[in-house]
Amino acid sequence: MPHAPTRRRRKIALAAASALAILSAAGGAAAFCGFYVAKADTKLFNKASKVVLMRDGDRTVITMANDYQGPLEDFAIVVPVPVVLEEGQINVADNALIDHLDAYTAPRLVEYFDEDPCAARRFDDRVMSMAAPAAEAEVLRKKNSLGVTVEAEYTVGEYDIQILSAEESGGLVEWLTTNGYKIPDGAESVLGSYIKQGTKFFVAKVNLDAQADTGLAYLRPLQMAFESPKFILPIRLGMANADDEGDGRQELFVFALTRTGRVETTNYRTVKLPTGSDVPLFVKDEFGDFYKSMFDAQTKKENGKAVFLEYAWDMAWCDPCAADPLSQEELRKLGVYWLPGGGDRGADRRIMPGPAQDVFVTRLHVSYNAETFPEDLMFKETGDRSNFQGRYVLRHPYEGEASCAAADDYRASLPKRFEREAQTLANLTDWDVNAIRDKMNDKGQTFETPKPTPWWRRLWDNDQDENG
Amino acid sequence: MAPLSHIRRHFSDRFGDHLSDICYRLPADPRFFQIAVLSGLLAYGGASGAFEIDPYVIAAVFGAAIATQFLGAVLNATRFEVRSAAITSLSLLLLLRADAPIIMAGAAAIAIGSKFLIRLYDKHVFNPANAGIVALLIISNVAEPGSSLSGVAWTTPGQWGTALWLAALLAGLGVFVTSRAARLDAPLAFFAVFAALAIARALWLGDPLAIPVNRLQNGALVLFAFFMLSDPKTTPDGSRARIVFAGLIAVLSHWLIFHQFVSDGMFYALFAACALRPIFDAVATAPRYAWPQQRRRALSRDGPPTAYPAE
């Protein structure tokens, strides 16, 4: 115990000293799993985190997107992990993987065009999709002293990584603080709780040389693979410094990749997002705003205490597709080890050849703060394979010439339909219904009942469309 | 007219005292309250979106439970009893989820079947609904991934909102108070121990109390305590033994949930405790519980009853 750690410790101290000039000026930023250690005036608030979780039995692969925007030398992350990870259990992935998964599962807007009320049916179905508000950043860096043991350290990709264990939170906090990090007040008790539960800490910062070698202007997602009966996502550290800033809400997207079925939280409610509604045409131009407002309104409706299901689907297909399903290669990179292509067959786990992809994807979205989500998110995989998607529908009225009797009925029915759409939208988003009606009018969705075609118009077959 | 009266007479012959019990002694049997309350919770849960209710699943569960009960009654030459089968069905519908009605029917058949097949000292060993749930969960988890039985059934411990939790809690207490049923000690002992352990853990970890409070505001836990653990037929007959029994289940549940990360650990805990229950009854002997209707029948037909409830 005394010697080996001491030697390692010294090594860390030296490494830290050389970086100190940079670090001392540094703030840091934490995402969902970690905490911001930014300078007081740094407003690098993490807006949204994206995490991919592969889970099968106890096997887990976490991929954490990294949208950190600040100076690279300020980046630092602390993630509680259940076990000490070996170097081979840590990897750096491509942003494109998460972006693709995000696009594939994103809430979608579809549009239909009404057929000519006087003619045979025409059908058109177009899909637009929108990556839900996303973003995120991550976090910090370290060194060593009081009761803190550096269990391992690696450089993986552009990251210098250490796995720490600590005896008590005070030591860990002091250890972090002496390295120039500002630890939020709330963090110490949270760290203490994790330490008592035997949690290790995964700490990473950017290795500037290695980062330069990548030639990339951004940081890539970190991945960890491990086995643990705990199927959780630690969010408590990320909330530690959020209390003094408004209600401290943070956005998190979890993409779960499983074999059996949908994933849900066990210690909070998982609620399906309202879906399938017909909404006014102008939503096409502001789908992002619509989605955000709807999400906020629904969150409020649940008193801020729900996790929302946005997508649950067999990875083999989609309908309508916001993006192609992920390829087997992409899925393997995200941790879906049972797909063909290599390594991990056999041993204790039998692999079914299985139809298609044999992967079920769940997209969860939560807006949380310390008050509404005091505990880490705990998940379970269910056997539910029913498909679910966030899907919103635009229905374009027929605008061509039409003057049969059915056309009058059709036009007369439109104002009611528009009113329904307005009410639906107001309900979903808490927007003012009058403002919605105004915008609909601007888009040609008028609420005035059209005058019926005079009876004599059709007498001599000289009809005109008076409603253009 | 004639056929109708014929049918009525036929039923009267077969189920005579059963019907008269229902008609005349409705408030006396706590099971009526339980059925009403569980049905209400099911309807409320479905309406509030806490879970989805498929009419086919409801039909399958009731059909299988009643059919199994009937078969068991015929084979064992005992009276056909529909009330307990209804309570078991409702418990399954509230606590277990499956896509296929056939799977839920299987759970119901296992639940009721266990009453007739697994007996010791002329008493069934396992709580029926609990046996059905645990059997299905084990099958789901043990089945090879990707096979048709893998993940066929699951529980949804987190899907009860606070409102539903409160409703279940009030309803659970209400059933006991209105029916003056004797065995409130078991659920209360379970809750007390489970809550104490959760709070002690939070204090030890330095966690905010919001964490154990969040864990305790769990509708599934309340249902489990008031409508499953409380079953007088599968709890020890002695009051002290019952409290120890419930406490043991709470400790085991805590260990499974907080240390083994089995979110529905209480079901396994009850299952294990029921397997040990004959020991409790052997150590702490007490008169066996009989439903009020059985007591009356014993009184009216056979002279003095051979068994009274513990209190």
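Thresholds applied
- Residues numbered from 1 in each chain as written.
- Chains lettered and ligands numbered in written order.
- Predicted model: local features only at pLDDT ≥ 70, side-chain atom pairs only at ≥ 80, totals over all residues.
- Helix = DSSP H or I, 4+ residues; strand = E, 2+ residues; numbered from the N terminus.
- Buried ≥ 20, exposed ≤ 12 C-beta atoms within 10 Å, placed from the backbone.
- Contact = placed C-beta atoms within 7 Å.
- Expected span 1.5 Å × (residues − 1).
- Arc of directions from axis to C-beta.
- Nonpolar A, V, L, I, M, F, W, Y, C, P; charged D, E, K, R; others polar.
- Pairing = 2+ DSSP bridges.
- Axes fitted to C-alpha atoms, helices over the stretch in contact; angles between N-to-C directions.
- Parallel < 35°, antiparallel > 145°, perpendicular 65-115°, else oblique.
- pLDDT = per-residue confidence, 0-100.

**Quick word on the overall build of chain B**
Then, in step 1: Looking only at helices and strands, chain B features 13 helices and 4 strands.
Then, in step 2: In chain B, which comprises 311 residues, the proportion classed as buried is 43%.
Then, in step 3: Across chain B, contacts joining residues at least 24 apart in sequence account for 70% of those joining residues at least 6 apart.

**Quick word on helix α2 (residues 30-47) of chain B**
Residues and elements named next belong to chain B.
Then, in step 1: End to end, α2 covers 26 Å across 18 residues, agreeing with the expected 26 Å (1.5 Å per residue, within 8%).
Then, in step 2: Listing the buried residues of α2 in full gives P30, R31, Q34, V37, L38, L41 and G45. For α2, the angular spread of the buried residues around the axis is 125°, confining them to a single face. Across α2 from its buried face, at more than 90 degrees, point the exposed residues A43 and A47.
Then, in step 3: G49, located one to two residues past α2, shows a positive phi value of around 80°.

**Section: the interface of chain A and chain B**
Then, in step 1: Contact residues are listed per partner, giving 31 residues for chain A and 29 residues for chain B.
Then, in step 2: Residue assignment for the side of chain A that touches chain B shows that the elements contributing at least two residues are α4 (187-196), β13 (263-265), β14 (269-272) and β18 (377-381) of chain A.
Then, in step 3: At 4 residues, α4(A) tops the list of elements feeding residues into the side of chain A that touches chain B.
Then, in step 4: In the side of chain A that touches chain B, the residues fall into 5 nonpolar, 14 polar and 12 charged.

**Side note on the sheet that holds strand β9 (residues 200-206) of chain A**
All names here are of chain A.
Then, in step 1: Strand order in the open sheet made by the 4 strands is β3-β9-β8-β7, with antiparallel pairing throughout. Edge positions in the sheet fall to β3 (76-81) and β7 (148-156), since each of these pairs with one other strand and no more. Across the sheet, the axes of successive neighbouring strands diverge by a mean angle of 20°, strand direction being ignored.
Then, in step 2: Two strands pair when backbone bridges link them, and β3 and β9 are joined in this way by 6 bridges, in the antiparallel orientation. Bridge pairing in β9 links P80 to F201.

**Some details on the environment of F360(A)**
Residue and element names in this part refer to chain A.
Then, in step 1: Among the structural elements, F360 can be located in strand β17 (residues 360-368).
Then, in step 2: Distance from F360 to R262, taken between C-alpha atoms, is 6.8 Å for residues 98 residues apart in sequence.
Then, in step 3: Discounting chain neighbours no more than four positions away, the residues touching F360 are T258, R259, T260, G261, R262, D314, M315 and R385.

**Some details on the environment of A426(A)**
Then, in step 1: As for its placement among the helices and strands, A426(A) is situated in helix α9 (residues 405-429).
Then, in step 2: Residues contacting A426(A), with those up to four places away along its chain left out, are W431(A), V433(A) and I436(A).

**Quick notes on the packing of helix α4 (residues 82-95) of chain B against helix α10 (residues 219-229) of chain B**
All names here are of chain B.
Then, in step 1: Relative orientation of the contacting elements α4 and α10 amounts to 170°, with a least axis distance of 11 Å. On the basis of their axis angle, the class for α4 and α10 is roughly antiparallel. From α4, S91, L94 and L95 reach across to α10, where they touch A220, L223, F227 and M228.
Then, in step 2: Per-class residue counts for the contact of α4 with α10 are 6 nonpolar, 1 polar and no charged.

**Digging into the environment of I211(B)**
Then, in step 1: Relative to the assigned elements, I211(B) resides in helix α9 (residues 210-216).
Then, in step 2: For I211(B) and I199(B), which are 12 residues apart along the polypeptide, the C-alpha to C-alpha distance reads 8.6 Å.
Then, in step 3: Among all residues touching I211(B), those that are not within four sequence positions of it are P374(A), E375(A) and A202(B).

**Structural notes on the pairing of β17(A)**
Residues and elements named next belong to chain A.
Then, in step 1: Of all 9 residues in β17, 9 are buried; the element is thus mostly enclosed.
Then, in step 2: Examined bridge by bridge, strand β12 (residues 250-258) and β17 share 9 bridges and lie antiparallel to one another. Note on β17: the bridge partner recorded for V254 is L364.
Then, in step 3: Bridging between strand β16 (residues 306-314) and β17 involves 6 bridges; their strand directions are antiparallel. Note on β17: the bridge partner recorded for F308 is H365.

**Thoughts on unusual backbone geometry**
Then, in step 1: Phi is positive for D430(A), which is not a glycine, with a value near 65°.
Then, in step 2: As for its position among the elements, D430(A) is in the loop between α9 and α10 (433-442).
Then, in step 3: Residue F261(B) is not a glycine yet carries a positive backbone phi of 60°.
Then, in step 4: Along the polypeptide, F261(B) turns up in the loop between α11 (239-259) and α12 (265-283).
Then, in step 5: Take F261(B): there are 18 C-beta atoms within 10 Å of it, and that puts it in the partly exposed class.

**Topic: the confidence of the model for chain A**
Residues and elements named next belong to chain A.
Then, in step 1: Of all residues in chain A, 76% attain a pLDDT of 70 or more, and the chain-wide mean is 76.
Then, in step 2: Every residue in residues 1-46 scores below 50 in pLDDT, and together they form 106 contacts with partners more than four places removed in sequence or on other chains.
Then, in step 3: Here residues 342-355 is modelled with pLDDT under 50, and outside its nearest four sequence neighbours on either side it reaches 11 contacts, counting other chains as well.

**What about the pairing of β12(A)?**
Moving residue by residue along a regular strand, the side chains alternate between the two faces of the sheet.
Residues and elements named next belong to chain A.
Then, in step 1: In terms of burial, β12 is largely enclosed, as 9 of its 9 residues are buried.
Then, in step 2: Burial of the side chains of β12 extends over both faces: Q250, L252, V254, A256 and T258 are buried on one face and E251, F253, F255 and L257 on the other.
Then, in step 3: Relative to β12, strand β1 (residues 48-56) runs parallel, the two sharing 7 bridges. Considered in β12, the bridge of V51 is made with V254.

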